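Here's the letter readout for the chains.
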Amino acid sequence: MDSIEIADNLRRVKDRIANAAIAAGRKPGDVTLVAVSKTKPVEAVLAAIQAGQTVFGENRVQEAEDKFPPLRAAHRFDLHLIGGLQSNKARDAVRLADVIETLDRPKLADAIAAAMAKENRHPKLLIEVNTGSEPQKSGVSRDDADGFIADCKGRFGDLLAGLMCVPPHDEDPRPHFDWLANRAAKHGLITLSMGMSADFEIAIAAGATWVRVGSAIFGSR
Ligand SMILES: *Cc1c(COP(=O)(O)O)cnc(C)c1O
């Protein structure tokens, strides 16, 4: 995928986001595109930056560490970590990320809080919910979500920005998005990270404020 294709894809995705927002009676500016660059080379990230993209998502701390710090010197962007996070990577994550979207258990909350104190750096946090109860996926269970959200609000205050989910691949995502939107509203949380290349328009209809789109911008992996 060359830089012209990436710029074209970005424009198309942004148009689709704007149209989906308008169709849902929302403002296009209320939905932020997180461009997911996992497995893609730094040249692809740079092409997106040059096309005006300012928010990126990566799954793995190590890969993000390899690709993004060198870009910081010359460019302004936000980096979101969107993959399941091991507690022993919390310090690297806090040092690197502007947003950690995958807070999902008390032990990780402990590690992130300790890392924030040590690094004096305070990325925003989202709680990931495993809405489909899939054993291989990260995310707090639906049943434990209310308690965990309340604990994290108490502990992190306004740094806790909202909720994130990745619905099961083979199911209608709508009920998952609706459940997450409902839960965020219940807790007074504003940010809803949901929707990927295959379903971001559905997510926007359900209230997504951040959509995480990879392959529709950077090509298949
Ligand atoms: C890879 C990934 C995405 C982007 O997926 P695409 O289908 O390529 O748009 C979004 N969110 C998470 C958590 C991912 O791991």
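The coordinates are above.
Here is what the cut-offs are and how they apply
- Residues numbered from 1 in each chain as written.
- Predicted model: local features only at pLDDT ≥ 70, side-chain atom pairs only at ≥ 80, totals over all residues.
- Heavy atoms only, no water.
- Axes fitted to C-alpha atoms, helices over the stretch in contact; angles between N-to-C directions.
- Helix = DSSP H or I, 4+ residues; strand = E, 2+ residues; numbered from the N terminus.
- Parallel < 35°, antiparallel > 145°, perpendicular 65-115°, else oblique.
- Left-handed = near helix turned anticlockwise from the far one by under 90°.
- Contact = heavy atoms within 4.5 Å.
- Nonpolar A, V, L, I, M, F, W, Y, C, P; charged D, E, K, R; others polar.

**Student:** Whenever I open this one, the packing of helix α1 (residues 3-23) against helix α2 (residues 42-50) confuses me. Can you help?
**Tutor:** To describe two helices that pack against each other, one gives the angle between their axes and the distance between the axes. Packing of α1 against α2 leaves a shortest axis separation of 9 Å and a crossing angle of 50°. Here α1 is positioned oblique relative to α2, judged by the angle of their axes. The hand of the α1/α2 crossing is right-handed. Between α1, through Ser3, Ile6 and Leu10, and α2, the contact on the second element is made entirely by Ala44, Ala47 and Ala48. Here the residues of the contact of α1 with α2 are counted per class, giving five nonpolar, one polar and no charged.

**Student:** Is there a simple way to explain the packing of helix α6 (residues 106-119) against helix α7 (residues 142-156) in this structure?
**Tutor:** Running from N to C, α6 and α7 point in directions that differ by 10°, and their axes come no closer than 11 Å. By the angle between their axes, α6 is roughly parallel relative to α7. Touching Pro106, Ala109, Asp110, Ile112, Ala113 and Met116 of α6 are Phe148, Arg155 and Phe156, all from α7. Residue composition of the contact of α6 with α7, by class: seven nonpolar, no polar and two charged.

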